[in-house]
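Chain by chain, the residues:
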Amino acid sequence: MKSVLDFIKPLRSVFDINSEGILITNLQGKIAYCNPILSRFLKQEVSTLKGRMLAAVFPELNFIEIDNKISRRHSFKSTISIMTENRISIPEIPVSAFHLGDNNDPVGVQFIFESFGKLTDQDKFSSKNQSILKVMDNR
């Protein structure tokens with residue numbers, strides 16, 4: 001069985017340069033990967049985020065509830081407010097979540113914080129942006 005890190009290894013270069021914030025957890029809700037843009041936005045080092053529980057970083061995201069919704073619907077979409085390290089609250093950030101791997105036997109959960117609300121749908125698929133939605137659409 002593949003681990004979360006084995007699964008994302010071939011995709012990591014796409015995740016690292018992406019304009020969306022990408023966070024990946026294992027099936028217990030521990031953070032396994034965070035891309036640089038989300039790390040900078042949260043003003044936390046990637047190394048300090050790895051291994052932490054999702055709820056410790058994003059209290060509004062209930063991992064068990066999200067995992068159950070993904071199992072039933074194959075995806076989860078919502079908006080959340082994020083409190084940065086210096087106590088600045090950023091409201092209404094769209095977030096989506098999907099299982100990594102086979103939906104019947106997932107290896108983890110991928111969270112996409114969609115450009116922190118700055119890009120329009122047209123921009124997300126623009127050839128000028130390195131958007132995860134554009135990359136996934138092209139595949």
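Above this text is the structure in question.
Residues numbered from 1 in each chain as written. Predicted model: local features only at pLDDT ≥ 70, side-chain atom pairs only at ≥ 80, totals over all residues. Heavy atoms only, no water.

**Overview of the overall build of the chain**
What counts here: What counts as a helix is a DSSP run of H or I of at least four residues, what counts as a strand is a run of E of at least two, and both are numbered from the N terminus. For the exposure calls, accessible area comes from a 1.4 Å probe over protein chains only, and a residue counts as buried if that area is under 20% of its type's maximum, exposed if over 50%, partly exposed in between. We call two residues in contact whenever any of their non-hydrogen atoms come within 4.5 Å of each other. In this description, accessible areas are obtained by the Shrake-Rupley approach with a 1.4 Å probe, and a residue is regarded as covered only by the protein chains that are shown.
Helix and strand counts for the chain come out as 8 helices and 5 strands. Per-residue burial over the chain gives 44% buried out of 139 residues. In the chain, once contacts between residues fewer than 6 apart in sequence are set aside, the share between residues at least 24 apart is 43%. Looking at the chain as shown, the accessible area adds up to about 7,800 Å², and 51% of this sits on carbon and sulfur atoms.

**Observations regarding the environment of Arg72**
Of note, Arg72 is situated in helix H6 (residues 63–73). In the structure, Arg72 is positioned 31 residues away from Asn103 in sequence and 9.7 Å away in space, judged by C-alpha atoms.

**Some thoughts on the nonpolar core**
Defined as follows: Buried Ala, Val, Leu, Ile, Met, Phe, Trp, Tyr and Cys residues form a nonpolar core when they are joined through side-chain atoms within 4.5 Å.
Counting residues in each nonpolar core, the largest one holds 23 residues, and the members touching the most others are Leu23, Leu42, Phe58, Leu61, Ile82, Phe111 and Phe113. When near neighbours in sequence (up to four residues on either side) are disregarded, Leu61 contacts Leu54, Ala55, Ile66, Ile80, Val95, Phe111 and Phe113. Of all hydrophobic cores here, the second largest spans 9 residues; its members include Val4, Ile8, Ile22 and Ile24.

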